[in-house]
Amino acid sequence: MSEPLLRVSEVSMAFDGGGPFWRRNSFVAVDGLSLQIRPGETLGIVGESGSGKSTLLRIILRLLRPTAGQVLFEGRDVWSLSGRGLRDMRRRMQAVFQDPASSFNPRQSVGSILAAPLEVYGIGTRAGRREKVAESLELVGLNASFAQRYPHQLSGGQRQRVAIARAIMLRPALVLADEPTSALDVSVQAQVLNLFKAMKKELGLTYIFVSHNLGVIRYISDHVAVMHRGRIVETGASEAVFSNPRHDYTRALLDAVPDPTAGPLGTGRQGQRADFEKPATEAPQCSK
Amino acid sequence: MDQGRPRLPGGSQPVLEISGLSIEFDTPRGVARVVDDVSLSVRSGEIVGVIGESGSGKTLTALSVLGLLPKRARVRSGSIRLAGESLIGLPEARWRAIRGDRVAFIPQDALRALNPVLRVDTQVGEPLHLHRGTPWQAARRRAVDLLTAVHLREPAAQAKKYPHQFSGGMQQRAMIAMGLALEPQLLIADEPTTALDVTVQAQVLKLLREIRDTYGTSILFITHDLGVVAELCDRIYVMYAGAIVEEGPVRRIFARPRHPYSEALLRATPTARSVQAELVSIPGQIPLPSELPPGCRFVDRCSVAFDACRRDPPPFAIEAGHTARCWHCEPRP
């Protein structure tokens, strides 16, 4: 077994929940969570809103300092890094977010958006960078003329392709994707998911893929972690978790997914559904 | 909701009948026809789904039934009938009498639709006060009954809260309660569960089904989610780029879609319940109304297009109640 690329150990994140100073509340978004991912894997993290999955992603990206625990990327604690070490880490770890429209500067052309990471890292000459931009655009299925366009001239799917192109400009080891297809139409979503798969094959990437859509997670992931209330309640090989879920919460979640291939609601599966009245945060707890 | 709505005689008389509806926008670059020759009906007690991606015209079709089209949009042709009464060109005063009373609307974003400075019971009871002149106190009491009917926990206590104190699922329940206040014949729901978590979504879908079964309310359900449609609807209309490309019973269409677009949509949707073969993505993107190809509007993205597709296909009957606008479905002589 190869060394893990990323190791998250016992990470917790408590946010200030307000209240007077002698009785301060805190909200624990991530609660003593550990996970690891080996090079070349795709880890899917699935959970409902408030489960802490986005917080976890921000901790891994070193955008949030956890209140406890450690994140090791390529064997180094990301919070011990500074200067050159930190720059190297940032280069090796890239992200794609849900709303590509808000992650681009509207006044920058696609070409300069994509060249920016190269400029920051002082890679190549001006002409060389232009060539690399064209190359990356081709790689994500857009032609080189897109470099002249501006974000508002792109469709949602094209914008997400540009976001992927930007993430792979520096040939990172790890790409984190937070709900990258949930703003897209179904037909376009399939294109983008297949692009993620193709990029992984082409460039040997490792992914952490966060989504609330179980179908998407099943399709893209080798390994799955199901998050609930800041913890991972079930983890394992994707096929095993989806075909034979062991935790009650995973089962409730899977059972609540409306599925075009299944019969309509109220035909026997209903009894196993998540309890009618309980909000998601009180969904069935582990009975073990 | 103690006494059920008297069912219409015949049971299958359409509550809503849209025929040949076309809606246009004036744009700086000319007229854009965003809904083109749409015909659709909802019978008493039926749950009908309209499924489509963005730009398919599904929401505008729904808004036209409520007289809530944006100012720049206009109905170019066609008719909309609610239990026989024509709705096109009604004066605003008449619309106000119909909306809420005979047709209720459940939007996607319940929090934005609720008034942040009014308590929930006041809002849920408001239609009774406005339409029926029920005194406020009685209307608020009735609101608690309605909140009970939508299975809100501790309805009496919750009724005194403000919308922001509710979770997303509770807000949507409050919207549904408000919609039911005047026992409308038709509920129009536009992506009501899209913003909700899957477990909460399952609860809301079950509630809608229960409402239909209990009160015989007809529901027109607008969504982009194939799974939701399969769970909830009796019949569906598949819309693409402003037109209905296939209609029929939901089971039939899912088992054997006949329009290449419906089929492609099914094969592009990742499923959590079974091993997913490679997702077949639809190449290209949905055309803008100003850039529609001549003939079939799916022709540029279709894998089985042939010569005939340069002409606009009419709806071909596949069997009773199931039609598809595709030349491949043309009956062979």
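Residues numbered from 1 in each chain as written. Chains lettered and ligands numbered in written order. Predicted model: local features only at pLDDT ≥ 70, side-chain atom pairs only at ≥ 80, totals over all residues.

Participant: Tell me about the overall build of chain B, and name the residues and values.
Facilitator: In terms of regular secondary structure, chain B is built from 11 helices and 12 strands. Taken over C-alpha atoms, the radius of gyration comes to 21 Å for chain B, in line with the 20 Å a tight globule of 333 residues would show. Reported as C-alpha extents along the three principal axes, the dimensions of chain B are approximately 65 × 50 × 45 Å. Each of the 333 residues in chain B was classed as buried or not, and the buried ones make up 47%. Across chain B, every contact between residues at least 6 apart in sequence was considered, and the portion connecting residues at least 24 apart equals 63%. (Helix = DSSP H or I, 4+ residues; strand = E, 2+ residues; numbered from the N terminus. Rg over C-alpha atoms; globule rule 2.2 N^0.38 Å. Buried ≥ 20, exposed ≤ 12 C-beta atoms within 10 Å, placed from the backbone. Contact = placed C-beta atoms within 7 Å.)

Participant: How would you summarise helix α4 (residues 120–132) of chain B if you had to cite specific residues and measurements?
Facilitator: Residues and elements named next belong to chain B. Counted at 1.5 Å a residue, the expected span for α4 with its 13 residues is 18 Å, and the 19 Å between its end C-alpha atoms agrees. Along α4, the largest kink reaches about 35 degrees and is centred on Glu126; proline Pro127 follows within four residues of it. Residues of α4 that are buried: Val120, Asp121, Gln123, Val124, Gly125, Glu126, Pro127 and Leu128. The inward-facing, buried residues of α4 contact α5 (136–149), α6 (155–158) and α7 (168–180). Once α4 ends, the next one or two residues include Gly133, with phi positive near 70 degrees. (Expected span 1.5 Å × (residues − 1). Bend = angle between axes of the 7 residues up to and from the residue.)

Participant: With reference to specific residues and values, describe the sheet that holds strand β5 (residues 76–77) of chain A.
Facilitator: Residue and element names in this part refer to chain A. One open sheet accounts for four strands, arranged β2-β1-β4-β5; its pairing is antiparallel. A single partner strand is all that each edge strand has here, and the edge strands are β2 (26–37) and β5. Here strand β1 (residues 6–16) runs beside strand β4 (residues 68–73); their pairing, made up of five bridges, is antiparallel. For Val8, the partnering residue across the bridge sits in β4 and is Val71. (Pairing = 2+ DSSP bridges.)

Participant: Can you lay out the domain arrangement of chain B for me, pointing to particular residues and giving the numbers?
Facilitator: Residues and elements named next belong to chain B. When its domains are assigned, chain B resolves into domain 1 (14–102 + 185–329) and domain 2 (110–183). A separation of 29 Å is found between the C-alpha centroids of domain 1 and domain 2. Listed by partner, the interface residues are 12 residues for domain 1 and 12 residues for domain 2. At six residues, the largest contribution of residues to the side of domain 1 that touches domain 2 is made by helix α8 (residues 198–215). Its residues assigned to classes, the side of domain 1 that touches domain 2 shows nine nonpolar, two polar and one charged. (Domains from an automatic or database assignment. Nonpolar A, V, L, I, M, F, W, Y, C, P; charged D, E, K, R; others polar.)

Participant: Which residues make up the interface of chain A and chain B, and what are the values?
Facilitator: With 39 residues of chain A in contact, the opposing surface of chain B contributes 40 residues. Ranked by the residues each element gives to the side of chain A that touches chain B, the list is headed by helix α6 (residues 186–203) of chain A, at seven residues. Here the residues of the side of chain A that touches chain B are counted per class, giving 23 nonpolar, 10 polar and six charged.

Participant: Lay out unusual backbone geometry in plain terms, naming residues and giving numbers.
Facilitator: In this structure, Glu10(A) is a non-glycine residue whose phi angle is positive, near 50 degrees. Tracing the backbone through its elements, the reader meets Glu10(A) in strand β1. Given 12 C-beta atoms within 10 Å, Glu10(A) falls into the exposed group. One non-glycine residue, Glu183(B), lies in positive phi territory at about 50 degrees. Looking at the secondary structure, you find Glu183(B) in the loop between α7 and β7 (186–190). C-beta crowding within 10 Å serves as the criterion here: with 16 such atoms nearby, Glu183(B) is assigned to the partly exposed category.

Participant: Go over the confidence of the model for chain A, please, and point to the residues and values.
Facilitator: Taken over all residues, the pLDDT of chain A has a mean of 87, while the share at 70 or more is 90%. This model gives residues 264–288 of chain A a pLDDT under 50, and the stretch forms 50 contacts once residues within four places in sequence are excluded. (pLDDT = per-residue confidence, 0-100.)

Participant: Can you explain the pairing of strand β1 (residues 14–27) of chain B? Please cite residues and give values.
Facilitator: Residues and elements named next belong to chain B. Bridge analysis of β1 against strand β2 (residues 30–43) gives 10 bridges, and the strand direction is antiparallel. Across the sheet, the residue bridging to Thr27 is Gly30, located in β2. Between β1 and the antiparallel strand that follows it, β2, lie two residues. When β1 meets strand β4 (residues 73–82), the two strands line up antiparallel, connected through eight bridges. Bridge pairing links Leu16 to Leu82 in β4.

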